[in-house]
Amino acid sequence: MFETLSDRLSGIFDKLTRRGALSEADVSEAMREVRRALIEADVALDVVKSFTDRVKAKAVGQDVVKSVTPGQMVVKIVNDELVRMLGSDAQGIDLRRNPPVVMMMVGLQGSGKTTTTAKLAHRLTTRDKQKVMMASLDTRRPAAQEQLRVLGEQANVATLPIVEGQSPTEIAERAVKAARLGGFDVLLLDTAGRTHIDEELMAETAAIEKIAQPHETLLVADALTGQDAVNLAKNFGERVDLTGIVLTRVDGDGRGGAALSMRAVSGKPIKLIGVGEKLDALEDFHPDRIAGRILGMGDVVGLVEKA
Amino acid sequence: SRTSNALSDNLTGVLTKRKLDEETLDELEEVLLKADLGFAMADRIRALSKSRHDKGLGADDVRAILAEEVARVLEPVAQPLELDDAAKPHVILVVGVNGTGKTTTIGKLAHLFARNGKSVMLAAGDTFRAAAIDQLKIWGARVGAEVIAKSVGADPAGVAFEALERAQASGTDVLLIDTAGRLHNKGDLMAELAKIVRVLKKLDETAPHTVLLVLDATTGQNALNQVQTFREIAGVTNLVVTKLDGSARGGIVVAIAETFGLPINAVGVGEGIEDFEPFDPHDFAAAIAGAGQENDAAA
Ligand SMILES: Nc1nc2c(ncn2[C@@H]2O[C@H](COP(=O)(O)OP(=O)(O)OP(=O)(O)O)[C@@H](O)[C@H]2O)c(=O)[nH]1
Ligand SMILES: Nc1nc2c(ncn2[C@@H]2O[C@H](COP(=O)(O)OP(=O)(O)OP(=O)(O)O)[C@@H](O)[C@H]2O)c(=O)[nH]1
Ligand SMILES: [Mg+2]
Ligand SMILES: [Mg+2]
């Protein structure tokens, strides 16, 4: 559906016969195309601006290697900067703490919190040999607590027994106690979805955080999110102490620009990606793969690397 | 460069200018891009605004022009969901990507139909996701609609078939069929939808009378691919846009309206049963152009 960035940039640079260092004018023209490509990939406009400024500063004056075109050279610089911004501080889930290590999922409605909770529980149980309990604090969505209970059964992971009529903060309190008494290593808290401009529900998230004192608070967000990704990451980040981002539906064919937006705006690392609906469809985040997707490029980077 | 904070999310900053110069147009285009309209659409609206009001235009009017252009694209597709009275039942198959709000929208629609005196039946065609059947049953109980469900893992086409049989036998007015969320790039899951459609036709060759695609307003450019593939494979006829109570503007809908021309029946504005409104192109366009925010800022 989209023309790739490298196609476009070659278009621009084909016109240039000049070789040697990239001039300010060349780079500026190229940045217009980069801007367009990033916006088409759903990178938020404000993030695009600061990104292209940075790339421009790096690209102007760079020598173009003989075996590649100026367009390919710029794509390489863009890609490297993208990878750097997406994940220079790649890190996983942190378990180094006295048990029970509490982790909380937050995010918009339908972003994949409950599924991610179960996937993470499955991974921690099978791979990291942790004794895990999950608790749903979602008292609003119909059958939300039942959903987590069923997933717990599928994953062979304990879930906090459902008690009707308790508030999310009451459940959080009960969950922490139960995890402590039961000798669990990890307690995963699934919360109800909420729009980040819903004051009442955002205050509830903060209240839950205060009670549960999570060691990890993960923002679970859809990789298909558009421009709103910045607002969402910013607002959640302002209300709770986010430690990372989980990007879901990476198995879709979205360009995934939201990853860059959220990363840039929250300053928090993307720790995991969801790549399907099943329990084992959870993977570590590889910045280079998402970068390639955002730019919609084939092998230009490899080409320049070899040159 | 400007920080995200300094850059206004709306046109407030633009309105201090006197003339519609290129810079103003650039900033207007940004407003549209930030609402997810996408480049092609934003460029087009920019060009239109320019050509129609080339000279002597106060920047104050520009926002109105933009809103008007967006509304012009949306007007033809803003249509309520009409039931075919000849159909007994009128079958509505609800499809979409994971988590967009299909099951909730079914609950809201069922409530609307019931309030208009129609008898409604629901079919639990999501036999995959944990507690999806329970979720639909709770909605069914809320609106007083019978829910036809089989066990977890059952063939969704079988559920749909049985539900249509039952609805026909009982003379039900509307049958709403829930389906599991699926990404449009998963061929096998999409084929499952095609099968549901085929099976329904065995009982009523005019069914499904409506294939409703539920789109999440927070989705970016990928929504275009969603509409295209779901239309190709499941024969989508109508759209509903959900989650417009968040801060996302759902601007991709404008590009979708222009590209596909499918009717947009309603919007979801919350999780409650009443949080459902007809699609109003003017409100929608005004929200995209940031009119609401501007009034807030002025107040
Ligand atoms: N394809 C795909 N689907 C996913 C992924 N993660 C979650 N889902 C699906 O997305 C839908 C919503 O997931 P949930 O886990 O219920 O989302 P949630 O954030 O808990 O939703 P609420 O509690 O209603 O806010 C379900 O259909 C999941 O199966 C993923 O990585 N890939
Ligand atoms: N804020 C808001 N939330 C909504 C709206 N519509 C649905 N939701 C919420 O979005 C989440 C997902 O809704 P569902 O109806 O379960 O979505 P679905 O498409 O059936 O999900 P799957 O079956 O898992 O694919 C739930 O938490 C709903 O309450 C809306 O218009 N606004
Ligand atoms: Mg949930
Ligand atoms: Mg559903």
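Residues numbered from 1 in each chain as written. Chains lettered and ligands numbered in written order. Predicted model: local features only at pLDDT ≥ 70, side-chain atom pairs only at ≥ 80, totals over all residues. Heavy atoms only, no water.

Let's shift gears to the overall build of chain A. In terms of helices and strands, chain A carries 12 helices and eight strands. With respect to the three principal axes, the spread of C-alpha positions in chain A is 75 × 40 × 35 Å. Counting all 307 residues of chain A, 57% fall into the buried class. The long-range fraction of contacts in chain A, counting pairs at least 24 apart against all pairs at least 6 apart in sequence, stands at 77%. Carbon and sulfur atoms make up 48% of the accessible area of chain A, which amounts to about 12,100 Å² in all. Between the centroid of the 41 positive side chains of chain A and the centroid of its 44 negative side chains there is a distance of 3 Å. (Helix = DSSP H or I, 4+ residues; strand = E, 2+ residues; numbered from the N terminus. Buried < 20%, exposed > 50% of the residue type's maximum accessible area, 1.4 Å probe, protein only. Contact = heavy atoms within 4.5 Å. Areas by Shrake-Rupley, 256 points an atom, 1.4 Å probe, with all protein chains shown as cover. Lys, Arg positive; Asp, Glu negative; His and termini not counted. Charge placed at Lys NZ, Arg CZ, Asp CG, Glu CD.)

This brings us to the site of ligand 2. Close to ligand 2 lie 23 residues, the nearest being B:Lys102, B:Thr103, B:Thr104, B:Asp245 and B:Glu271. Near ligand 2, the surrounding residues are drawn from chains A and B. One of the side-chain N or O atoms of A:Gln109 is found 3.3 Å from a nitrogen atom in ligand 2. Contact between ligand 2 and B:Gly99: an oxygen atom at 2.8 Å from a main-chain N or O atom of the residue. For ligand 2, whose free accessible area comes to 650 Å², the fraction covered by protein is 96%. Counting residues per element, the shell around ligand 2 draws most heavily on helix α4 (residues 102-115) of chain B, at four residues. Grouping the constituent residues of the shell around ligand 2 by class yields one nonpolar, 14 polar and eight charged. (Near = heavy atom within 4 Å. Polar contact = N/O pair within 3.5 Å; in protein donor to acceptor, adjacent residues only side chain to side chain. Nonpolar A, V, L, I, M, F, W, Y, C, P; charged D, E, K, R; others polar.)

Turning our eyes to something else, we now look at the interface of chain A and chain B. Many descriptions give the size of an interface as the accessible area lost when the pieces come together. Contact with chain A, which involves 43 residues of that partner, is made by 46 residues of chain B. Where chain A abuts chain B, roughly 3,700 Å² becomes buried across the two surfaces, and 54% of that area is made up of carbon and sulfur atoms. Across the chain A-chain B interface, the total number found is five salt bridges. A salt bridge links A:Asp46 to B:Lys34; its shortest N-O distance comes to 3.3 Å. Inspection of the chain A/chain B interface yields 19 residue pairs in polar contact (both at pLDDT 80 or more). (Buried area = accessible area lost by both parts, 1.4 Å probe. Salt bridge = Lys/Arg side-chain N within 4 Å of Asp/Glu carboxyl O.)

Right, let's talk about the side chain of B:Thr127 for a bit. Along the chain, B:Thr127 turns up in the loop between β2 (120-125) and α5 (132-143). Contacts of B:Thr127, omitting those with residues within four sequence positions, involve B:Ser151, B:Val152, B:Gly153, B:Ala154, B:Pro156 and B:Val159.

Distances and angles like these do not, on their own, reveal function.
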